[in-house]
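Overview (structure and organization)
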Amino acid sequence: MKRIQAIEAAELEEDAKCKLGGWLQEIKNLGGIAFLKIRDRTGVFQVVLSKEEMEDSFDEAVNISRESVLLVEGKKKDTDQTELGFELHPISIKVETEAEKPLPLGVVDKVDAEMGTRFDNRFLDLRKKEKRLIFEIRKHLLDGLRDFFTKEDFVEINTPKIVAAGAEGGATLFNVEYYDSEAYLAQSPQLYKQMLMAAGFERVFEIAPAYRAEDFDTIRHTSEFISLDFEISFIESSNDIIDMTSYMIRHALSHTVDNCEKQLEELGVEIEIPEYPFKKIPYRECISILKDKGFKWDEEPTIGTEEEKILGEHVRDEYETDFFFITEFPTKVKEGTFYAMRKEYDPSLTTYFDLEYKGQELVSGGQREHRYEMLVKQMEEVGLDTEVFQTYLDTFKYGMPTHGGIGLGLDRLLQQMLDLPNIREAILFPRDTQRLEP
Ligand code: AMO
């Protein structure tokens, strides 16, 4: 007989024979009768054991260790005493594999274990429904994003993750031994997206890992994250990118809400679908809002974690939304970003923006400088060795359209959407300064 899932068994007629399988979550032994609660992906089902009917095998069955994998063939009996509306009267019980005792991490314990213990034993941690639901929602979020890009006629790309030069500055590069030369793990696919604009692709997107050697521990940074990037050409201004980003967010969130009603209800989460157009606040205006709120800086004003949080609260109070763009980043602030197009009327400002979500940066992007001479000039200004970037620079010499794009941290989006306390909860096997395993 083929194993079916608990939820499928619930649909069967009374007395139908079926085979179910899962992890033994709990045993309730009342002496003459015992209940096994077994969990599969779809729910927890109950198997009723009778000492009178089973004799010796009863004692064996009630002593099986928790979290062992069992296959049970039996008869379905309807009851209103269980979550799924049925219980199974067993014909045979097979212990597929027995779990060792004690478990390094409880699966149904009321109190959550320390985060370190949970992530050391992530496969057990993920047996908990509320942890697994996050990844079911993530799947629909990704579907929503891909669906958007398909509708908008984008090409999905994969760019190299072993690269010769960084896109986001040297400080966060991971070194890789690459035969006889030095290489790095890619921080962002940006330079490749741009090269594909020179190749005439016009609209590309990528969803792939990006690597940053962040040497600090925060609830919103990891060393490896999933970066969603798009790039579009023949744009008139960075507003075209802001618009595309806004439509993308709206589409992906609506798709998730439409497809994850059950999961979101179980997690007790409501997701805002922001109205178009999203609120835009120029950087200098953000600084004056912060000044009005009593912020003071020793040197130049900056927007860091605390500032972002306060701005997020301000926008929520004033405009009833958790989303807003910070626009017109000063050239000084985006100094490392040598490729940013500056405002024609004021080169001290760039066309770069961030999208903030619940007081945290979610997206960075803007219009790129597409004119070869200007790009070289900007690179020299920040002291970059143009030779290192020569293959990238060459693509600007033979016809490059106006273009721009964004990078979005997918794990951060999920973290903020579901109000997760730490970005690591949105990642199956996170990587940080302390963790390389599992
Ligand atoms: P930026 O460096 O701002 O921009 O990154 C874009 C987005 O990626 C996410 N992110 C991270 N998420 C988790 N852990 C990290 N260590 C981490 N670092 C970044 C954030 C961030 O907003 N090349 C540009 C994009 C572009 O202009 O196309 C870039 O990478 O959500």
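What this report covers is the structure whose coordinates are included nearby. Here the residue numbers are simple positions, counted from 1 along each chain's written sequence. Local features in this predicted model are restricted to residues whose pLDDT is 70 or higher, and side-chain atom pairs enter the listing and the counts only when it is 80 or higher, whereas totals over whole chains, interfaces and linings include all residues. Computation of side-chain values covers all heavy atoms of the structure but excludes hydrogens and water.

**Regarding the site of the ligand**
What makes a residue near a molecule or strand is one non-hydrogen atom of that residue sitting within 4 Å of it. The local shell around the ligand holds 23 residues, among which Glu168, Gln190, Arg212, Glu361 and Arg368 are the closest. Pairing of N or O atoms within 3.5 Å defines a polar contact, subject to two protein rules: one partner must be a possible hydrogen donor and the other a possible acceptor, and residues neighboring in sequence count only if both atoms are side-chain atoms. Between the ligand and arginine 368 there is a distance of 2.7 Å, counted from an oxygen atom to a side-chain nitrogen or oxygen. Here glycine 409 contributes a backbone N or O atom positioned 3.2 Å from an oxygen atom of the ligand. For the ligand, whose free accessible area comes to 630 Å², the fraction covered by protein is 94%. Judged by the fraction of its atoms near the pocket grid, the ligand is located in the largest pocket. Going through the elements one at a time, helix H7 (190-198), strand S18 (360-367) and strand S19 (403-409) are the ones with two or more residues in the shell around the ligand. In DSSP terms, a helix is any run of H or I states spanning at least four residues, a strand is any run of E spanning at least two, and both are numbered starting from the N terminus. With 5 residues, the top contributor of residues to the shell around the ligand is S18. Surface accessibility follows the Shrake-Rupley procedure with a 1.4 Å probe radius. Residue values consider only the protein chains on display as shielding. A cavity here means a set of points on a 1 Å grid, drawn over the protein atoms and nothing else, where a 1.4 Å probe fits but cannot get out; a pocket is an open set with protein on both sides within 12 Å along at least five of seven lines, and a residue lines either one if it has an atom within 4 Å of a point. For a molecule to be placed in a cavity or pocket, more than half of its atoms must lie within 2 Å of the grid points of that cavity or pocket.

**Focus on the pairing of strand S10 (residues 181-185)**
Pairs of strands are assigned from DSSP output, requiring at least two bridges between the strands. Where strand S8 (residues 162-163) lies against S10, 2 bridges are found, and the strand directions are antiparallel. Bridge pairing in S10 places isoleucine 162 opposite leucine 185. For strand S9 (residues 175-178) and S10, the ladder comprises 4 bridges, and the chain directions are antiparallel. In the strand pairing of S10, glutamate 177 is matched with glutamate 182.

**Quick word on helix H10 (residues 283-292)**
In an α-helix, one turn spans 3.6 residues, which is why side chains three or four residues apart end up on the same side. All buried positions along H10 are accounted for by Tyr283, Cys286, Ile287, Ile289 and Leu290. Projected down its long axis, H10 shows its buried positions confined to an angular sector of 160 degrees, all on one face. More than 90 degrees from the buried face of H10, the exposed residues found are Arg284 and Asp292. By the convention used here, residues are in contact when the closest approach between their heavy atoms is within 4.5 Å. At its buried positions, H10 is contacted by strand S13 (279-282), helix H11 (305-319) and strand S14 (323-327). Positioned one or two residues after H10, glycine 294 has a phi angle of 95 degrees, which is positive. Exposed residues in this analysis have more than 50% of their type's maximum accessible area, buried residues have under 20%, and partly exposed residues fall in between, with area computed by a 1.4 Å probe over protein chains only. Here the arc refers to the directions that run from the helix axis out to each C-beta atom.

**Re the packing of aromatic side chains**
The relation between two aromatic rings is expressed through the spacing of the ring centres and the mutual angle of the planes. For Phe, Tyr and Trp, rings pair up if their centres lie within 6.5 Å, where Trp contributes its six-membered ring, and each pair is then called stacked (planes under 30 degrees apart), edge-to-face (over 60) or tilted (otherwise). Going through the model one piece at a time under the given rule, you end up with 18 aromatic pairs. For the ring pair phenylalanine 149 and phenylalanine 154, a centre distance of 4.8 Å and an interplane angle of 65 degrees mean the geometry is edge-to-face. The burial state of phenylalanine 149 is the same as that of phenylalanine 154; both residues are buried. Here lysine 279 stacks its cationic end above the ring of tyrosine 319, 4.3 Å away from the centre of that ring. Two limits define a charge over a ring: the Lys NZ or Arg CZ must be within 6 Å of the ring centre, and within 35 degrees of the ring normal.

**Here's the deal with the sheet that holds S13**
The strand order across the open sheet formed by 8 strands is S7-S11-S12-S19-S18-S17-S14-S13, and the pairing between neighbours is mixed. Each of the sheet's edge strands pairs with one partner strand only, and the pair in question is strand S7 (155-156) and S13. Examined bridge by bridge, S14 and strand S17 (residues 353-357) share 4 bridges and lie antiparallel to one another. Note that in S17 the partner of isoleucine 326 across the bridge is aspartate 354. Lines fitted to C-alpha atoms define the axes, with helix axes restricted to the stretch in contact, and inter-axis angles between N-to-C directions lie between 0 and 180 degrees. Sitting on the sheet, helix H8 (residues 238-259) touches strand S11 (203-211), strand S12 (224-233), S13, S14, S17, S18 and S19, and the angle it makes with S12 is about 130 degrees.

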